Amino acid sequence: MFGMLNPMSAVTSQMGGGESSETDKEKEEEAERERLEALAEQEERRKEKHRKLEEEREAMRQGIRDKYKIEKKIEPEEPSEPAMPDNPLMRKKKTPEELAAEAEAADQDEFTKLKNTIETQISEVKQQIEGKCVVQ
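Note that the structure is a prediction, hence the values are computed from the model and not measured.

Helix and strand counts for the protein come out as 4 helices and 0 strands. In the protein, the succession of α and β elements from N to C terminus is α-α-α-α. For the protein, the proportion of its 136 residues judged to be buried stands at 1%. Carbon and sulfur atoms provide 56% of the accessible area of the protein, an area that totals close to 14,000 Å².

Once that is clear, we can look at the pattern of salt bridges. Counted under the stated rule, the structure contains 12 salt bridges. As a salt-bridge pair, E54 and R61 come within 3.0 Å of each other at their nearest N and O atoms. The exposure class assigned to R61 is partly exposed, which follows from its relative accessible area of 33%. For R65, the salt bridge identified is with E58, shortest N-O distance 3.2 Å. You can call R65 buried: its relative accessible area is 13%. The class of E58 is partly exposed, set by a relative accessible area of 24%.

Unlike most non-glycine residues, K69 shows phi in positive territory, near 55°. Within the secondary structure, K69 is located in the loop between helix 3 (22-68) and helix 4 (96-132). On the accessibility criterion, K69 (75% relative accessible area) is exposed.

Conventions used here
- Residues numbered from 1 in each chain as written.
- Predicted model: local features only at pLDDT ≥ 70, side-chain atom pairs only at ≥ 80, totals over all residues.
- Heavy atoms only, no water.
- Helix = DSSP H or I, 4+ residues; strand = E, 2+ residues; numbered from the N terminus.
- Buried < 20%, exposed > 50% of the residue type's maximum accessible area, 1.4 Å probe, protein only.
- Areas by Shrake-Rupley, 256 points an atom, 1.4 Å probe, with all protein chains shown as cover.
- Salt bridge = Lys/Arg side-chain N within 4 Å of Asp/Glu carboxyl O.

Given below as structure tokens:
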């Protein structure tokens, strides 16, 4: 009699001790598979419907283009790599090979700068020495 008066009795009686048999698990798995299949089928139907609608719209657009002798705009194909974004965090990450090539180029540039600096200093010293020495 107390169970009838308690509004939570239905919930507490269904909770059980957490025991579930293998048949219940199999039923749940089967129901989940069916649900996923139904969702996939529904998504397929939706895509097909939208494809058909777009075809109808394109046919209508083409009719208007033909009637008014308007050329269809040619949409440029989007490049495989988008333009560099303004945000530096969103830039394309460089591969280790690219990083190594850049580092080598930077080293070569520093080496070339150093070489040129040394050559100019040597030529200056050579001129100073030649100016001081007089051949008799």
